[in-house]
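A closer look at the structure
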Number of protein chains: 2
Amino acid sequence: MLPNGVSYADRFSGISGSAIREIFKVLARPGIVSFAGGNPSDDALPNELCAELASDVLLKDGKRILQYGATEGYPPFLESLQAYLNESYDFPAEKQNILPLTGSTQGVDLLCKAFLNPGDTVLTEDPTFLGNMQTLRVNQQKLVPVESDDDGLRIDALETAVKRHRPKALYCIPNFQNPTGRTLKADRRKAIAGMAGEYGFLVMEDDPYRDLRYEGQPQPSVKHFDESGHVVYMGSFSKLVSPGMRVGYMVAHEDIIRKCTIGKQGTDLHTPLLTQAIIDQFLRRKLLMPHLHSILGPYRGKLHAMLGELATFPEGTDYTKPEGGLFVFCALPEGINATKCFEEAVERGVAYVPGTYFYPEGGHHNTFRLNFSNSSLEQIHSGMGILRELFQPK
Amino acid sequence: MLPNGVSYADRFSGISGSAIREIFKVLARPGIVSFAGGNPSDDALPNELCAELASDVLLKDGKRILQYGATEGYPPFLESLQAYLNESYDFPAEKQNILPLTGSTQGVDLLCKAFLNPGDTVLTEDPTFLGNMQTLRVNQQKLVPVESDDDGLRIDALETAVKRHRPKALYCIPNFQNPTGRTLKADRRKAIAGMAGEYGFLVMEDDPYRDLRYEGQPQPSVKHFDESGHVVYMGSFSKLVSPGMRVGYMVAHEDIIRKCTIGKQGTDLHTPLLTQAIIDQFLRRKLLMPHLHSILGPYRGKLHAMLGELATFPEGTDYTKPEGGLFVFCALPEGINATKCFEEAVERGVAYVPGTYFYPEGGHHNTFRLNFSNSSLEQIHSGMGILRELFQPK
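Residues numbered from 1 in each chain as written. Chains lettered and ligands numbered in written order. Predicted model: local features only at pLDDT ≥ 70, side-chain atom pairs only at ≥ 80, totals over all residues.

Okay, the overall build of chain A next. Each helix and strand in chain A was counted, giving twelve helices and 14 strands. In terms of overall dimensions, chain A is globule-like: its C-alpha atoms have a radius of gyration of 21 Å, near the 21 Å expected for 394 residues. If you line up chain A on its principal axes, its C-alpha atoms span 60 × 55 × 50 Å. Residues classed as buried in chain A amount to 56% of the 394 residues present. (Helix = DSSP H or I, 4+ residues; strand = E, 2+ residues; numbered from the N terminus. Rg over C-alpha atoms; globule rule 2.2 N^0.38 Å. Buried ≥ 20, exposed ≤ 12 C-beta atoms within 10 Å, placed from the backbone.)

Next up, the structure:
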């Protein structure tokens, strides 16, 4: 119970914490096979290399790294990040267009803070990433899900929603979406950028999985088609190097970056410099691509193993076939309730995330999300075997 | 100019960024003597030791440190922080009362987010720390300054303000306050805790300077007198080890911590684990106290040098005589305008922060804040000589 006279802010009414974070706690149980998180494989975390890099940067530039830094970012990181973006991405990025973040979720939070009022509408894919759904809700945005199909957000549905709801922003994950694994088709990306300029809303393009592509061709970013400055691109090193370091970034119109910088002053002042300096070394020493290549093979194998298992699931089970990322999304035949089965699954030693949590309006209890990156092939086979049994029609 | 249809959120109207952060940029100018920041001395930043610790923790526990962590904190750090608090502080702290933060300013932001609505009143000292003034303002709190004297916040003025404004919170820095360097008297601390319980408002006790005491006796914390759960204690390792690492923490009533944890999920998910792990090593290996002792002597010498210089300033110059911390606050004879003189001071090679920025209602243009930690004795003598000249009555 709260101390007398103290009460929750209005923005916290109905906010009970991320379901997925609570699920994470269940997973501490030893021996459990977890398809629940979005964690990279432990094998993919380069801790020995990071030890060397951390020591190096602290010896060579430690006085600057341990001192207060600018909210705008650690200067060497800003430099190497800009070079990396210009080399590997399909949109222009000057230094004044870039803001390093303490994880890319911070970008969504700062955009809400600086540009959205309580009650403003934000459109999302349906389903969408539950973490940022919470971020948007704490900022009192009204979420309106837009129908999506195998090629991502439907443009006809988007246009209808834009006209009806006059949104201030669209939040979307164009590559290997969380939770579905779907990739947005290129022509739809172009249409989204055009519509944002025409109707005047921000596009929060959340793109943490882009480089985890196991097959198919890379697609142009939404930002690539942005002629009017409405698209805010958010990237992250969480899936490529380390989520525990919390290093992401935002690329946007200069005036958007400036206001988000002011917002960031009032939260964490700046992203820790040591973690920025370590990622800087990954970029500067060209360590990112070799590291990435070392993880793509194993992840591809795990995805295929999981899809192979799903092919033997009860008739009527539907599931996505992602070309990359970390997730497969499944729909069981109507009548099988993945939300209710969750406890029993954990009892039997396997965890997933019930799909309902990813739908802004709930429902869809026959769906669930599977992560394949953080399990061994053996765990994928055994865990999926247990789920196949569990989901047999009675 | 912003893209069409995009506009600033209401909470950003009138927010133009921290004046002090803009001042920092001026200071990049080579050769300038800066009394402006709140930076630790570069000598006080243990970069070689941190290099060793960073490498150690990444080799020994790197898979956990690079992986996603719990919002509640890196478990070893939570453990050593709790032990440190119970050993060195005068209030009880169980694990569920502690939340690691990405710098202690994040604590103020999270408290606003979870417990304060736009338009709610927050009382502050007068003057007060401008960084958190901005944090409170972006959260649309109404700031009401409460008269302070050499012993800190005046209790009679506080009681009047509490009755008149029915505040939801009081923000205060009890030890070596920023910007004044003043320390709140023990009996006033007790009165504040009592009043918070009686009238039902939160006390945000911001205490980053506590251990930088050069003389006099330590005072009990406000939290020590907290019988009702209204006092939220915020500590930081920024002034003790490194501000660039951004590691702080909050100690509060369990239900307050729980809601702030949910708020933190939606911003940076968790504080980077590597920086938590490095501070953990400082605590666990008992490195904090020896390091602290190595910096106290030089800081004491610098404070005395600055006070010695101030004694020779034009008649009518008033200034605080802090027992610790990083700042001295000065008031020039009426008619000398420290705000207007700032540009000329920078021209002559010295920077400070005009005092007006620290007053929620502005004014007080004859005042300014001096930092002594980040200059050498030589710079203090030469820089103060320049200011003495500049502030001579014409």
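Once that is clear, we can look at helix H5 (residues 130–138) of chain B. Residues and elements named next belong to chain B. Burial analysis of H5 places eight of its nine residues in the buried class, the great majority of the element. Taken together, the buried positions of H5 are Leu130, Gly131, Asn132, Met133, Gln134, Thr135, Leu136 and Val138. Once H5 ends, the next one or two residues include glutamine 140, with phi positive near 60°.

Residue and element names in this part refer to chain A. Domain boundaries assigned for chain A yield domain 1 (10–46 + 289–390) and domain 2 (47–287). For domain 1 and domain 2, the distance between their C-alpha centroids amounts to 24 Å. Residue-level contacts link 33 residues of domain 1 with 39 residues of domain 2. For the side of domain 1 that touches domain 2, the elements supplying multiple residues, two or more each, are helix H1 (19–26), helix H10 (288–310) and strand S11 (327–331). In terms of residues, the side of domain 1 that touches domain 2 owes the most to one element, H10, which gives eight residues. Here the residues of the side of domain 1 that touches domain 2 are counted per class, giving 21 nonpolar, seven polar and five charged. (Domains from an automatic or database assignment. Contact = placed C-beta atoms within 7 Å. Nonpolar A, V, L, I, M, F, W, Y, C, P; charged D, E, K, R; others polar.)

What follows covers the confidence of the model for chain A. For chain A, per-residue confidence averages 95 on the pLDDT scale, and 98% of positions sit at 70 or higher. Scoring the predicted complex yields pTM 0.97 and, for the interface, ipTM 0.96. (pLDDT = per-residue confidence, 0-100.)

Moving on, we get to the packing of helix H4 (residues 105–115) of chain A against helix H5 (residues 130–138) of chain A. All names here are of chain A. Two elements in contact, H4 and H5, have axes separated by 9 Å at closest approach and are oriented at 25°. Considering their axes alone, H4 and H5 lie roughly parallel with respect to each other. Considering the relative orientation of H4 and H5, their crossing is right-handed. Residues Thr105, Val108, Asp109 and Cys112 of H4 lie in contact with H5, whose contacting residues are Gly131, Asn132, Thr135 and Leu136. (Axes fitted to C-alpha atoms, helices over the stretch in contact; angles between N-to-C directions. Parallel < 35°, antiparallel > 145°, perpendicular 65-115°, else oblique. Left-handed = near helix turned anticlockwise from the far one by under 90°.)

What follows covers the sheet that holds strand S13 (residues 353–354) of chain A. All names here are of chain A. On the basis of which strands lie adjacent, the open sheet formed by four strands has the order S10-S11-S14-S13 and antiparallel pairing. At either end of the open sheet lies a strand with only one pairing partner, and these are strand S10 (318–319) and S13. Of the strand pairs in this sheet, S13 and strand S14 (residues 367–371) are connected by two bridges, and their pairing is antiparallel. From the neighbouring strand, proline 354 faces S14, where its bridge partner is phenylalanine 368. (Pairing = 2+ DSSP bridges.)

To continue, consider the sheet that holds strand S6 (residues 169–172) of chain B. All names here are of chain B. Ordered by their spatial adjacency, eight strands build an open sheet running S2-S9-S8-S7-S6-S3-S4-S5, and the pairing between neighbours is mixed. With partners counted over all chains shown, the strands left at the sheet margins are strand S2 (98–101) and strand S5 (152–153), one partner each. Two elements, strand S3 (residues 121–126) and strand S4 (residues 142–149), share six bridges in a ladder whose sense is parallel. Bridging from a neighbouring strand, glutamate 125 pairs with valine 146 of S4. Strands in contact with helix H7 (residues 186–199) are S5, S6, strand S7 (202–206) and strand S8 (231–236); relative to S7, the strand with the most contacts, it is inclined by about 145°.

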